[in-house]
Protein chains: 2
Amino acid sequence: MKKITIGEAARRSGVKVPTVRYYESIGLLAAPSRSEGNQRSFEPADISRLTFIRHARELGFEIEAIRTLLTLQDDPHQSCASADAIAKARLVEVEQRIRSLMALKAELETMVEGCGHGRVDQCRVIEVLADHGQCTHSHH
Amino acid sequence: MKKITIGEAARRSGVKVPTVRYYESIGLLAAPSRSEGNQRSFEPADISRLTFIRHARELGFEIEAIRTLLTLQDDPHQSCASADAIAKARLVEVEQRIRSLMALKAELETMVEGCGHGRVDQCRVIEVLADHGQCTHSHH
DNA sequence: CTTGCACCTCTAGTCGCTAGAGGATGTAGG
DNA sequence: CCTACATCCTCTAGCGACTAGAGGTGCAAG
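Residues numbered from 1 in each chain as written. Chains lettered and ligands numbered in written order. Predicted model: local features only at pLDDT ≥ 70, side-chain atom pairs only at ≥ 80, totals over all residues. Heavy atoms only, no water.

In the annotation of an unreviewed UniProt entry, the entry for chain A reads MerR family transcriptional regulator, and the organism field reads Rhizobium esperanzae.

This next bit is on the interface of chain B and chain A. Facing the 51 residues of chain B at the interface are 51 residues of chain A. Buried surface at the junction of chain B and chain A, both sides included, amounts to about 4500 Å², of which 77% is carbon and sulfur. For chain B, the biggest contributors to the area lost against chain A are Leu59, Leu108 and Leu129 of chain B; these three give 15% of the whole. Summed over the shared surface of chain B and chain A, the number is zero salt bridges. (Contact = heavy atoms within 4.5 Å. Buried area = accessible area lost by both parts, 1.4 Å probe. Salt bridge = Lys/Arg side-chain N within 4 Å of Asp/Glu carboxyl O.)

In the vicinity of DNA strand D there are 18 residues, among which Tyr23 of chain A together with Gly7, Arg21, Arg34 and Arg40 of chain B approach most closely. Close to the protein, within 4 Å, the atoms of DNA strand D belong to sugar or phosphate groups at a rate of 89%. Within the side chain of Lys16 of chain A, a nitrogen or oxygen atom sits 3.3 Å from a phosphate oxygen of DNA strand D. One of the side-chain nitrogen or oxygen atoms of Tyr23 of chain A is found 2.8 Å away from a phosphate oxygen of DNA strand D. Mapped onto the surface near DNA strand D, the elements with two or more residues apiece are α2 (17–25) of chain A together with α1 (6–13) of chain B. Considered class by class, the residues forming the surface near DNA strand D number four nonpolar, eight polar and six charged. (Near = heavy atom within 4 Å. Polar contact = N/O pair within 3.5 Å; in protein donor to acceptor, adjacent residues only side chain to side chain. Helix = DSSP H or I, 4+ residues; strand = E, 2+ residues; numbered from the N terminus. Nonpolar A, V, L, I, M, F, W, Y, C, P; charged D, E, K, R; others polar.)

What follows concerns the pattern of salt bridges. Residue and element names in this part refer to chain A. Across all of its chains, the model carries 18 salt bridges over all chains by this definition. Residue Glu24 is joined to Arg40 by a salt bridge in which the shortest nitrogen-to-oxygen separation is 2.6 Å. Taken as a pair, Glu24 in helix α2 and Arg40 in strand β2 (residues 40–41) lie far apart in primary sequence, 16 residues in all. Of the two residues, Glu24 and Arg40, neither departs from the other in class, the shared state being buried. Among the ionic pairs, Arg54 bridges to Glu58, the shortest N-O distance being 2.7 Å. Of this pair, Arg54 and Glu58 are both found in helix α3 (residues 44–58), four residues apart, which corresponds to roughly one turn of the helix. The exposure class assigned to Glu58 is partly exposed, which follows from its relative accessible area of 25%. (Buried < 20%, exposed > 50% of the residue type's maximum accessible area, 1.4 Å probe, protein only.)

Our next topic: the packing of α1 of chain B against helix α2 (residues 17–25) of chain B. All names here are of chain B. Following both chains from N to C, one finds α1 and α2 inclined at 100°, their axes separated by 9 Å at the closest point. By the criterion of interaxial angle, the relationship of α1 to α2 is roughly perpendicular. Each of Ile6, Gly7 and Ala10 in α1 lies in contact with α2, whose residues at this interface are Val17, Val20 and Arg21. Along the lines of polarity and charge, the residues of the contact of α1 with α2 split into four nonpolar, one polar and one charged. (Axes fitted to C-alpha atoms, helices over the stretch in contact; angles between N-to-C directions. Parallel < 35°, antiparallel > 145°, perpendicular 65-115°, else oblique.)

Structure (structure tokens):
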């Protein structure tokens, strides 16, 4: 059997080398076997697991949520209600974040458009920050 | 002159008490004078500065960007080109973040809609995470 | 055999706060 | 004046999810 080094595992999964070690240290990834010279030797299943983690992180799931998703994956006879709930909760978070960022975008556009590119004392950017009451938008 | 305690300053600016002390510790806010009993005594100008910082933080500006914006505010004869550049950079960031989150939203919706609420081994949530190639969207 | 890269462990740093310990001060009521 | 209680003080440590660096070992090619 070919030995998969940590560098190889990192390349195949898209997770950085120190991050792989970090995931092992927090128990998200089982400690792999070691070579004679004490170097980690990964299995193909570890690559899948790392890839799973990377995708979930890219989707913004927190480590603890991923831990739960992984235990679900490890036991496929369970109901997927938990996985569904986690994904739905994340969807709600993302939707809220988008709404909030759209408001920020509008506010930043007002600031930038209003800037006459002159001196600071006429600058709308500074002005809006100093007195939020002048801002046409409200996001609280 | 009435003395403004840290609690009062916090209430008026909307910045929490420990955060006010934190801003002082990193030099974002000048250290205020102290009462006989060593308690901080703020000026109205400090409240304005804290309010400015809070607005900027709400808009997602980083502390170092705020530090720059504050030095610009302190010297109103400067060109506002820097302020303009900072705000524009922030706008670009926000726009990118929104695009990225919209892609995530679509992906999460696919996952959640595809979930048959059955067992984990038929769950689309887990499936998509395990093999990103099955995902209809791409965001890289 | 030596060069040089990849690997090892460990600690500390990042950002922007937040929590808590343990003690001092200020104020209102009795 | 005394007591209760809120608020203040400093200091250290913790959060999440890594990232950087020091100082050392393993390994494969030339």
